[in-house]
Amino acid sequence: QVQLVESGGGLVQAGGSLRLSCAASGRTFSPYTMGWFRQAPGKEREFVAAISRSGGNTYYADSVKGRFTISRDNAKNMVYLQMNSLKPEDTAVYYCAAGYISRNYYSNREYDYWGQGTQVTVSS
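Quick caveat, the model's predicted, so the values are computed rather than measured.

Here is what the cut-offs are and how they apply
- Residues numbered from 1 in each chain as written.
- Predicted model: local features only at pLDDT ≥ 70, side-chain atom pairs only at ≥ 80, totals over all residues.
- Heavy atoms only, no water.
- Helix = DSSP H or I, 4+ residues; strand = E, 2+ residues; numbered from the N terminus.
- Buried < 20%, exposed > 50% of the residue type's maximum accessible area, 1.4 Å probe, protein only.
- Lys, Arg positive; Asp, Glu negative; His and termini not counted.
- Salt bridge = Lys/Arg side-chain N within 4 Å of Asp/Glu carboxyl O.
- Polar contact = N/O pair within 3.5 Å; in protein donor to acceptor, adjacent residues only side chain to side chain.
- Pairing = 2+ DSSP bridges.
- Core = buried A, V, L, I, M, F, W, Y, C linked by side-chain atoms within 4.5 Å.
- Axes fitted to C-alpha atoms, helices over the stretch in contact; angles between N-to-C directions.
- Phe/Tyr/Trp six-rings, centres within 6.5 Å; stacked < 30°, edge-to-face > 60°.

K.L.:
Could you clarify how one ought to interpret the side chain of Arg72 in this entry?
P.N.:
If you trace the backbone, Arg72 turns up in strand E7 (residues 68-73). Of the side chains bearing the opposite charge, Asp73 lies closest to the buried Arg72, which forms no salt bridge; the N-O distance is 8.3 Å. At 2.8 Å, the side chain of Arg72 forms a polar contact with the backbone oxygen of Tyr32. Within the structure, Arg72 has its side chain in polar contact with the backbone oxygen of Ser52 (distance 2.8 Å).

K.L.:
What exactly am I supposed to notice about the pattern of salt bridges here?
P.N.:
Where side chains of opposite charge bring their charged atoms close, a pairing between them can arise. A complete count under the given rule lists 4 salt bridges for this structure. Here Arg38 and Glu46 are joined by a salt bridge, their closest N and O atoms 2.7 Å apart. Put simply, Lys65 and Asp62 hold a salt bridge, and the shortest N to O gap is 3.2 Å. Here the two residues Lys65 and Asp62 agree in accessibility, since each one is exposed. The network of salt bridges with common partners includes Arg38, Glu46, Arg67 and Asp90.

K.L.:
What should I look at first to understand the pairing of strand E1 (residues 3-7) in this one?
P.N.:
Residues in a regular strand project their side chains so that they alternate between the two faces of the sheet. Burial along E1 is one-sided: Leu4 and Glu6 are buried, and none of Gln3, Val5 and Ser7, which face the opposite way, are. One ladder, built from 5 bridges, connects E1 with strand E3 (residues 18-25); its direction is antiparallel. Its bridge partner being in E3, Gln3 is matched across the sheet by Ser25.

K.L.:
Whenever I open this one, the nonpolar core confuses me. Can you help?
P.N.:
Taken as a class, soluble globular proteins show a tendency for nonpolar side chains to be buried jointly. Counting 36 residues, the largest nonpolar core has Leu4, Met34, Trp36, Leu81, Met83 and Tyr94 as the members making the most contacts within it. Secondary-structure elements contributing two or more residues to this core are E3, strand E4 (33-39), strand E5 (46-51), E7, strand E8 (78-83), strand E9 (92-99) and strand E11 (118-123).

K.L.:
Would you explain the sheet that holds E8 in this entry?
P.N.:
Either a parallel or an antiparallel arrangement is found when strands of a sheet pair, and the pairing is made through backbone hydrogen bonds. Pairing within the open sheet is antiparallel, and its 4 strands lie in the order E1-E3-E8-E7. Looking along the sheet, the strands with just one partner apiece sit at the ends: E1 and E7. Put simply, the sheet's adjacent strands are angled 15 degrees from each other on average, direction ignored. Pairing of E7 with E8, which is carried by 6 bridges, proceeds in the antiparallel orientation. In the sheet register, Thr69 faces E8, and the bridge partner there is Gln82.

K.L.:
For this particular structure, what's the right way to read the pairing of E7?
P.N.:
Of the two faces of E7, the one lined by Phe68, Ile70 and Arg72 is fully buried and the one lined by Thr69, Ser71 and Asp73 carries no buried residue. Hairpin connection from E7 to E8: 4 residues lie between these consecutive antiparallel strands, with Asn77 at a positive phi of about 55 degrees.

K.L.:
Sorry, what's going on with the packing of aromatic side chains here?
P.N.:
How two aromatic rings sit relative to each other is set out by the distance from centre to centre and by the angle between their planes. For the structure shown, the criterion picks out 8 aromatic pairs. With 5.1 Å between their ring centres and 80 degrees between their planes, Phe37 and Tyr111 make a pair best called edge-to-face. Residue Phe37 is found in strand E4, and its partner Tyr111 is found in the loop between E9 and strand E10 (113-114); the two are separated by 74 residues along the sequence. Accessibility classification places Phe37 together with Tyr111 in one group, the buried group. With centroids separated by 3.8 Å and ring planes inclined at 20 degrees, the aromatic side chains of Tyr59 and Tyr105 adopt a geometry described as stacked. You can see Tyr59 sitting in strand E6 (residues 58-60) and its partner Tyr105 sitting in the loop between E9 and E10, a full 46 residues away along the chain. Cluster of aromatic residues (ring-pair linked, three or more members): Phe37, Phe47, Tyr59, Tyr105, Tyr106, Tyr111 and Trp114.

The structure is reproduced here in structure tokens:
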């Protein structure tokens, strides 16, 4: 299996920025679509962003479009989420995920491997 470890979460003021990182090990992650999801207290886990196997295609939830950027470096087995103009409603645990996905990149049920999560808290 693939192991995923997130880092980079923390406490930030509204309007600030954070960059989350996800390191993969165990098997190469180059064949996999990579996604970021988040879960706030009392809410379902929701899709944030995804990037295709080669990095040529990216996808974003409407709530983060224009503010967040997903990227990957397959040579380093790393995926990133740059988060700008953060809002209090972005507060959640953020999870990195991997899966061999051709179309339904937005569905958490399509991903096979998950990280432990990293907390992002945005104060007003």
